[in-house]
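# Topology and contacts: notes
Chain residues, written in single-letter form:
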Amino acid sequence: AEELVSGIEKGVELDNIIRMTGITGIVNGMDVQEWNPLSDKYIDVKYDATNVMQAKPLLKEALQAHVGLPIRDVPVIGFIGRLEEQKGSDILAQAIPLFIGADIQIIVLLGCSACCCLLIYNLNFLYSGHWKKHMEKQLEELENKYPNKARGVAKFNVPLAHMITAGADFMIVPSRFEPCGLIQLHAMRYGTVPIVASTGGLVNTVLEGYTGFQMGAFNVECETVDPADVAAIARLLKGHWQLMAPLF
């Protein structure tokens, strides 16, 4: 709500009217029955806060095996979302080569009502979304270049989305703008740490250093990829891997 009245770019020329009338932001609600790790039908190990530390490693192994990644105790990053500019999938695609050299895996699930693509990088990174053909080709090339760190699947897959949410260590949400978002809410409910752009409802729901990490605000212009945004993703991921490496 605050961003909408901050200027023309984010208020889409309605910022003056909104300032006069007032606006209140409302956080998204999620389906707590479908997204419940204690009863989720798509994961083999059920868990809650009392046994999450025992369950997550088993679910990570199941996820790695399912997508064909080497089963290793390394950080796994997930991305779930539409392959479109708003969700920052193009920013992420350019950032991946800058941090893929770390001992991690990445799984990308690209999906919408019509199609879904999944890519997995041995950053154990998961990414989900729907977008243009050249983006799919770019991700496929990364998979070919890093055969032990990336996979790609073009198929809408609800069970896989649940497996990624439960099995990943981190969930990245690099949105240029986001009224609220559900991916980070699902991730936190499943004990998966969200790494988000500092925009919209992501700021309201992810508390820096407590419930997740923020990468700063990204350029809202969708026509081009801002190198500063690419660098922000790579810098945060590489910095956090160095700090958390002893845990894996």
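Cut-off values and rules
- Residues numbered from 1 in each chain as written.
- Predicted model: local features only at pLDDT ≥ 70, side-chain atom pairs only at ≥ 80, totals over all residues.
- Heavy atoms only, no water.
- Helix = DSSP H or I, 4+ residues; strand = E, 2+ residues; numbered from the N terminus.
- Contact = heavy atoms within 4.5 Å.
- Areas by Shrake-Rupley, 256 points an atom, 1.4 Å probe, with all protein chains shown as cover.
- Buried < 20%, exposed > 50% of the residue type's maximum accessible area, 1.4 Å probe, protein only.
- Pairing = 2+ DSSP bridges.
- pLDDT = per-residue confidence, 0-100.
- Salt bridge = Lys/Arg side-chain N within 4 Å of Asp/Glu carboxyl O.
- Core = buried A, V, L, I, M, F, W, Y, C linked by side-chain atoms within 4.5 Å.
- Phe/Tyr/Trp six-rings, centres within 6.5 Å; stacked < 30°, edge-to-face > 60°.

## Describing the overall build of the chain
- For the chain, the helix and strand inventory stands at 9 helices and 8 strands.
- By sequence separation, contacts in the chain at least 24 residues apart represent 61% of the contacts at least 6 residues apart.
- Here the chain has roughly 11700 Å² of accessible surface; of this, 57% comes from carbon and sulfur atoms.

## Quick word on the pairing of strand E1 (residues 76-81)
- Most of E1 sits inside the fold, with 6 of its 6 residues counted as buried.
- The two faces of E1 match: Val76, Gly78 and Ile80 on one face and Ile77, Phe79 and Gly81 on the other face are all buried.
- Pairing between E1 and strand E6 (residues 170-173): 2 bridges, direction parallel. When the bridges of E6 are listed, Ile77 appears paired with Phe170.

## Re the confidence of the model for the chain
- Here the chain averages 81 in pLDDT, and 76% of its residues register 70 or above.
- For residues 113-117, every residue scores under 50 in pLDDT, and the model assigns this stretch 22 contacts once sequence neighbours within four places are set aside.

## Let's talk about the pattern of salt bridges
- Across all of its chains, the model carries 5 salt bridges by this definition.
- The closest approach of N and O atoms between Lys60 and Asp169, which form a salt bridge, is 2.8 Å. Here Asp169 lies in the loop between helix H6 (158-167) and E6 and Lys60 lies in helix H3 (residues 52-67), a separation of 109 residues in the sequence. The residues Lys60 and Asp169 share a single accessibility class, namely buried.
- A single salt-bridge network, built from bridges that share partners, covers Lys60, Asp73 and Asp169.

## Brief notes about the nonpolar core
- The biggest cluster of nonpolar side chains holds 29 residues, and the ones touching the most others in it are Ile96, Phe99, Ile172, Ile233 and Leu237.
- Sorting the residues of this core by element identifies E1, helix H4 (89-99), strand E2 (105-111), helix H5 (133-145), E6 and helix H9 (227-244) as the ones contributing at least two each.
- Take this core: its biggest share by element is 6 residues, from H4.
- Excluding its chain neighbours within four sequence positions, the residues that come into contact with Leu237 are Ile77, Phe99, Ile172 and Ile195.
- Core analysis: the second largest hydrophobic core is formed by 14 residues, Ile80, Met163, Ile164 and Ala168 among them.

## Structural notes on the environment of Glu223
- As for its placement among the helices and strands, Glu223 is situated in the loop between strand E8 (213-214) and H9.
- A relative accessible area of 66% places Glu223 in the exposed class.
- Along the backbone, Glu223 and Glu85 are 138 residues apart, and their C-alpha atoms lie at a distance of 8.1 Å.

## Overview of the packing of aromatic side chains
- One pass over the structure, following the stated rule, counts 2 aromatic pairs.
- Their ring planes at 75° and their centres at 5.9 Å tell us that Trp35 and Tyr190 sit as a pair that is edge-to-face. Of this pair, Trp35 sits in the loop between helix H2 (15-21) and H3 while Tyr190 is found in the loop between helix H7 (183-189) and strand E7 (193-196), placing the two residues 155 residues apart along the sequence. Each of the two residues, Trp35 as well as Tyr190, counts as buried.
- On the basis of an interplanar angle of 80° and a centroid distance of 6.3 Å, the ring pair of Tyr47 and Tyr190 is categorised as edge-to-face. Of the two residues, Tyr47 is situated in the loop between H2 and H3 and Tyr190 in the loop between H7 and E7; the sequence distance between them amounts to 143 residues. Across the pair, exposure class does not vary: Tyr47 and Tyr190 are buried alike.
- Through a chain of ring-to-ring contacts, the aromatic side chains of Trp35, Tyr47 and Tyr190 assemble into a single cluster.

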